Amino acid sequence: MMGVGDRLRQFWRALTQEDNDATREASSRVRLMQTSQQLNNLLQRHQLQPGIDYCISLRSRQVQISLDSPRAQEIVRRHPELRLRFDELFACLGEIDGRAGYPCRLEKSAAYRASWKRASGR
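Before going into details, it helps to say that this report is about the structure given with it. Quick caveat: nothing in here was measured; it's all calculated off a predicted structure.

Some details on the environment of R122
Considering the arrangement of structural elements, one finds R122 in the segment after α4 (110-120). On the basis of relative accessibility, which here comes to 65%, the residue R122 falls in the exposed class. R122 sits 24 residues away from G98 along the chain, and the two C-alpha atoms are 9.0 Å apart. What R122 contacts, discounting residues up to four positions off in sequence, is W116 and K117.

Here you go:
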């Protein structure tokens, strides 16, 4: 039989676990927004125009990224800093998806896949 002290400890552990999960989720979302803004700034520094050369759209549970012009695709291929920023963005997405229990959606991205595996515990 569980005593009052044990029940309180169990309740407190459950409560703090929910807080920790919510804090991690919020932290991941902030990191995703910051990384997408850094990527956006970097693409613009290379004279690429949002809506013409590329698109980054963050919604509550949906992220859309596209390189819409051959010029944008070539610039990203040639600049390691841009590829690194894309990897950081994909790692953020992998962490969010893994923690939420979603299946691995970007098998081709090593950064996404590694982050997803860590977050999902697989």
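Comments concerning helix α2 (residues 70-78)
Taken as a whole, α2 has its buried residues at A72, I75 and V76. Taken end-on, α2 shows its buried residues confined to a sector of 100°, consistent with a single buried face. Within α2, the exposed residues directed more than 90 degrees away from the buried face are P70, R77 and R78.

A word on a nonpolar patch on the surface
Side chains of V30, M33 and L58 sit close together on the surface and give an oily, nonpolar patch of about 250 Å² of accessible area. Of note, L58 is situated in strand β1 (residues 54-58). The exposure class of L58 is partly exposed, given its relative accessible area of 33%.

Basis of the calculations
Residues numbered from 1 in each chain as written. Predicted model: local features only at pLDDT ≥ 70, side-chain atom pairs only at ≥ 80, totals over all residues. Heavy atoms only, no water. Helix = DSSP H or I, 4+ residues; strand = E, 2+ residues; numbered from the N terminus. Buried < 20%, exposed > 50% of the residue type's maximum accessible area, 1.4 Å probe, protein only. Contact = heavy atoms within 4.5 Å. Arc of directions from axis to C-beta. Patch = residues over 30% accessible without salt bridge, like charges linked within 9 Å, V, L, I, M, F, W, Y side chains within 5 Å. Areas by Shrake-Rupley, 256 points an atom, 1.4 Å probe, with all protein chains shown as cover. Salt bridge = Lys/Arg side-chain N within 4 Å of Asp/Glu carboxyl O.

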